[in-house]
Amino acid sequence: GTTDLRTTIIQTGSVNAYGQFVASTHPRIGEKVAVQFEVTNIGGVSTGIWSWRADLSGATYNTYTTTENALAPGQSTKIIVGFDTFNYVSPIRFS
């Protein structure tokens, strides 16, 4: 079997001054915009240690990378990523 990761955006929002995610479909200028997403291993074998990256188009200072624990087949994890600066015209890409 192989590893196959599926990414699903759960909700958008912002991160408040206490570091808590607050769901919102219309973040305001000046807020730390955030996206909560779920990664599920829909493949047949464990992922081993893996990493992800999210960035705003053309803004390298908004790139975040991390490593995650292994996901067994069928297992999921939820991740929240926040962006200090957000250009409302740029698309968000996850890879």
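Predicted model only: the values in this text are computed from it and were never measured.

Engineer: Please set out the sheet that holds strand β1 (residues 5-15) residue by residue, giving values where relevant.
Structural biologist: An order of β2-β1-β3-β6 is seen for the 4 strands of this open sheet, with the pairing classed as antiparallel. Two strands lie at the open edges of the sheet, namely β2 (21-23) and β6 (76-83), each paired on one side alone. Adjacent strand axes in the sheet meet at a mean angle of 45° when their direction is disregarded. Here 3 bridges tie β1 to β2, and the two strands are oriented antiparallel to one another. Counted as the bridge partner of Ser14 is Val22 from β2.

Engineer: How would you summarise the side chain of Asn41 if you had to cite specific residues and measurements?
Structural biologist: Here Asn41 is to be found in strand β3 (residues 32-41). Relative accessible area serves as the criterion here: at 0%, Asn41 is assigned to the buried category. A polar side-chain atom of Asn41 sits 2.9 Å from the main-chain carbonyl oxygen of Leu71.

Engineer: Describe the nonpolar core, listing the residues and the values that go with them.
Structural biologist: Counting 10 residues, the largest nonpolar core is built from Val35, Phe37, Val39, Trp50, Trp52, Ala54, Leu71, Ile79, Val81 and Phe83. For this core, the elements supplying multiple residues, two or more each, are β3, β4 (50-56) and β6.

Engineer: Describe in detail the packing of aromatic side chains, supporting the description with residues and values.
Structural biologist: The tally for this structure, following the rule as stated, stands at 1 aromatic pair. Ring centres of Phe37 and Trp52 lie 5.7 Å apart, and the angle between their planes is 85°; this geometry places the pair in the edge-to-face category. Placement of Phe37 in strand β3 and of Trp52 in strand β4 is noted, with a sequence separation of 15 residues between them. The burial state of Phe37 is the same as that of Trp52; both residues are buried.

So, how was this worked out
Residues numbered from 1 in each chain as written. Predicted model: local features only at pLDDT ≥ 70, side-chain atom pairs only at ≥ 80, totals over all residues. Heavy atoms only, no water. Pairing = 2+ DSSP bridges. Helix = DSSP H or I, 4+ residues; strand = E, 2+ residues; numbered from the N terminus. Axes fitted to C-alpha atoms, helices over the stretch in contact; angles between N-to-C directions. Buried < 20%, exposed > 50% of the residue type's maximum accessible area, 1.4 Å probe, protein only. Polar contact = N/O pair within 3.5 Å; in protein donor to acceptor, adjacent residues only side chain to side chain. Core = buried A, V, L, I, M, F, W, Y, C linked by side-chain atoms within 4.5 Å. Phe/Tyr/Trp six-rings, centres within 6.5 Å; stacked < 30°, edge-to-face > 60°.

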